[in-house]
Every structure is written in structure tokens, then in C-alpha cells.
Amino acid sequence: DVKVTQSSRYLVKRTGEKVFLECVQDMDHENMFWYRQDPGLGLRLIYFSYDVKMKEKGDIPEGYSVSREKKERFSLILESASTNQTSMYLCASSLWDTNEKLFFGSGTQLSVL
Amino acid sequence: SQQGEEDPQALSIQEGENATMNCSYKTSINNLQWYRQNSGRGLVHLILIRSNEREKHSGRLRVTLDTSKKSSSLLITASRAADTASYFCATVNSGNTPLVFGKGTRLSVIA
């Protein structure tokens, strides 16, 4: 069965720390995405990648970077975590096109103190 | 970014009743998708309807699309307590661009 795995379910970090959120998919999908979800704001796209080593900015890339060294793994990096980055982070993947059906991970609830 | 908007924001019904949620969007779309999210979890894809389709069914789900009104509706028939979740519509304008999600409808089904 299709699986998108996010490395942590809950994460607590301090302001200024460098934070890595990892996401792995086992479906050989071309596209991977990072969204953040906040109450009242819905899901907002941070970054996406349509191929290994390729990345595109989404709607809210400021304060984040990404890495996709292997097809199955897409990492979200918070260079210097801030309290306004406290959020639920959702990773997703799709097979060929970025507008196809998305498969989501279970999410990482990040708290920055 | 264009964004679908779900209506109502929250809906509470009794088990066995039908639940209807609506999604409106602003510009022409390639396809429209509906997703479900159980509390604190990831989203699960429910159904995709393309711009040249008017209606689609999947089990107890029925989705309609009216491109002239730029709106879609999701109907869940004979609802169950397990249907309690947030439901999101997601749209894409054209080409190979990522989905844009609405803010969701919170559905509570009371047993």
C-alpha cells in the first residue's frame, strides 16, 4: 500500500535551533510537497519538488529551505526556528503531475518555544 | 493563489442524515479534488472530478461540479459517526501546478 512517512509525530524545539523535518515515500513518486496547516488559514504550500535536486517555492517559502537528494526523500529545513513557525507540517507526494491525487503523511506538529 | 472556499465552516448532523458541503472557487480549473482529515492527522484523498465532468460517485460520496457557477458540492449520504472529520476542496488552475486548498468544513456526526 502507498505510504508517506514523516519522521516525527511531535517535535519541540527552541527558537534559533536548526530543525529538520524528514519525509519519505515508498511509491516512486516524482513530486513531493511540504504544506503547513494553521487554524483558520488552512493548508499553505511551502515548497515542492518535481524531481531529484529540483525545488520550487510555494506560497510561503520564507524562513524555510528544502533538500531532495534522493527521489524518495524530501526534507524541510528551518534554518533558525522562530515561534511563528509553530504549526502542523504535512508532507505529500504525487505520481506524475503536481495536480494529481496527493498522498499525505500523518503530519508533524512542531512547537517552537 | 486562487483558493477554493468551503461552506459552511462547520456542520453538525445526526447519524443517518445526509451532509452537504460546498466549495466555490474563483478562476477556471483543471480539476477539483476533495480530501478528508481526521483530527490531527494527514489528509486522505476522497475523489477527483475533472472540469469536463459534472458528477461523480464513490460509495456514499457524491460530488458535483458546476463550472458555470464555479462551485462544487460534496454529499455524504447516510452519515456515520466515523465521518466526523474536516473536509477540504483543492483546486488547480491549469498545467502542472500544485493544488491549492480551501480552509475546510468541520463535520460532526452525532450518534
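Per-chain numbering applies: the sequence of each chain, read as written, is numbered from 1 onward. In the order they appear in the text, chains get letters beginning with A and ligands get numbers beginning with 1. Note on the predicted model: pLDDT of at least 70 is required for a residue's local features to be given, and 80 or more for side-chain atom pairs to be given and counted; whole-chain, interface and lining totals, by contrast, use all residues. Hydrogens and waters are ignored; side-chain quantities use all the structure's heavy atoms.

1. Looking at the pairing of strand 7 (residues 64–70) of chain A
Residue and element names in this part refer to chain A.
Piece 1. Two elements, strand 7 and strand 8 (residues 73–78), share 5 bridges in a ladder whose sense is antiparallel. Residue pairing for strand 8: S67 is matched across the bridge by S75.
Piece 2. Paired strands, in this sense, are two strands between which DSSP finds at least two bridges. We count a stretch as a helix when DSSP gives it H or I for four or more residues in a row; a strand needs E for two or more, and each element gets its number in order from the N terminus. Hairpin connection from strand 7 to strand 8: 2 residues lie between these consecutive antiparallel strands.

2. As for the interface of chain B and chain A
Piece 1. Between chain B and chain A, the residue contacts involve 23 residues of the former and 22 residues of the latter.
Piece 2. Across the interface of chain B and chain A, roughly 1700 Å² is buried in total on both sides, 49% from carbon and sulfur atoms.
Piece 3. When a carboxyl oxygen of Asp or Glu lies within 4 Å of a side-chain nitrogen of Lys or Arg, that pair is called a salt bridge. There are 0 salt bridges connecting chain B and chain A.
Piece 4. Polar contacts, as used here, are pairs of N or O atoms within 3.5 Å; protein pairs need one atom able to donate a hydrogen and one able to accept it. Residues neighboring in sequence count only if both atoms are side-chain atoms. Counting across the interface, chain B meets chain A through 6 residue pairs in polar contact (both at pLDDT 80 or more).
Piece 5. Elements represented by at least two residues in the side of chain B that touches chain A include exactly strand 4 (31–37), strand 5 (43–50) and strand 9 (85–92) of chain B.
Piece 6. Here the side of chain B that touches chain A gets 4 residues from one element, more than from any other, and that element is strand 4 of chain B.
Piece 7. Taken together, the residues of the side of chain B that touches chain A sort by class into 8 nonpolar, 13 polar and 2 charged. Pairs of residues are marked as contacts when any of their non-hydrogen atoms sit within 4.5 Å. Buried area is understood as the total, over both parts, of accessible area removed when two parts are fitted together, assessed with a 1.4 Å probe. Only Asp, Glu, Lys and Arg are considered charged, only Ala, Val, Leu, Ile, Met, Phe, Trp, Tyr, Cys and Pro nonpolar, and every remaining residue, Gly among them, polar.

3. Quick notes on the sheet that holds strand 6 (residues 55–58) of chain B
Strand pairs in the sheet, formed through backbone hydrogen bonds, run parallel or antiparallel to each other.
All names here are of chain B.
Piece 1. One open sheet accounts for 5 strands, arranged 1-3-8-7-6; its pairing is antiparallel. One side of each edge strand has no neighbouring strand; the edge strands of this open sheet are strand 1 (5–7) and strand 6. Averaged over all neighbouring strand pairs, the angle between strand axes comes to 20°, with direction disregarded.
Piece 2. Both strand 1 and strand 3 (residues 19–24) contribute to a ladder of 3 bridges, which runs antiparallel. Residue pairing in the sheet places E6 in a bridge with C23 of strand 3. Interaxial angles span 0 to 180 degrees and are taken between N-to-C directions of axes, which are lines fitted to C-alpha atoms, for helices over the stretch in contact.

4. Some details on the side chain of E6 of chain B
Residues and elements named next belong to chain B.
Piece 1. You can see E6 is positioned in strand 1.
Piece 2. Here E6 is buried and forms no salt bridge, its nearest opposite-charge partner K103 lying at an N-O distance of 8.5 Å.
Piece 3. A distance of 2.7 Å separates a polar atom in the side chain of E6 from the backbone nitrogen of C89.
Piece 4. A polar contact of 2.8 Å, which involves the side chain of E6, links it to the backbone nitrogen of G104. Summary of the burial criterion: residues with accessible area below 20% of their type's maximum are buried, those above 50% are exposed, and those between are partly exposed, where the area comes from a 1.4 Å probe applied to protein chains only. Charge counting follows a simple rule: Lys and Arg are positive, Asp and Glu are negative, and His as well as the terminal groups are ignored.

5. Looking at the environment of Q25 of chain A
All names here are of chain A.
Piece 1. By the element assignment, Q25 lies in strand 3 (residues 19–25).
Piece 2. In this structure Q25 comes out as buried when scored by relative accessible area, which is 2%.
Piece 3. Sequence-wise, Q25 and C91 are 66 residues apart; in three dimensions their C-alpha atoms are separated by 9.5 Å.
Piece 4. Discounting chain neighbours no more than four positions away, the residues touching Q25 are K3, V4, M32, R68, K71, E72 and S93.
Piece 5. Looking at Q25, its side chain comes within polar contact range of the main-chain nitrogen of M27, at 3.0 Å.

6. Looking at the layout of surface pockets
Piece 1. Think of a 1 Å grid over just the protein atoms. A cavity is a set of points where a 1.4 Å probe fits yet cannot get out, a pocket is an open set with protein on both sides within 12 Å along at least five of seven lines, and lining residues have an atom within 4 Å of a point. Grid points are joined across faces, edges and corners, and a volume is the space filled by probe spheres set on the points. Of the voids in this model, the largest pocket is the one considered here, and its volume is about 630 Å³.
Piece 2. Where the lining of the largest pocket is concerned, the elements lending two or more residues are strand 4 (31–38) and strand 9 (87–94) of chain A together with strand 1, strand 9 and strand 11 (105–110) of chain B.

7. Considerations on the sheet that holds strand 1 (residues 4–6) of chain A
All names here are of chain A.
Piece 1. Pairing in this open sheet of 4 strands is antiparallel, and the strands run 1-3-8-7 from one edge to the other. Two strands close off the open sheet at either side, each with one partner strand: strand 1 and strand 7. Neighbour-to-neighbour, the strand axes of the sheet open up by a mean angle of 20°, direction not taken into account.

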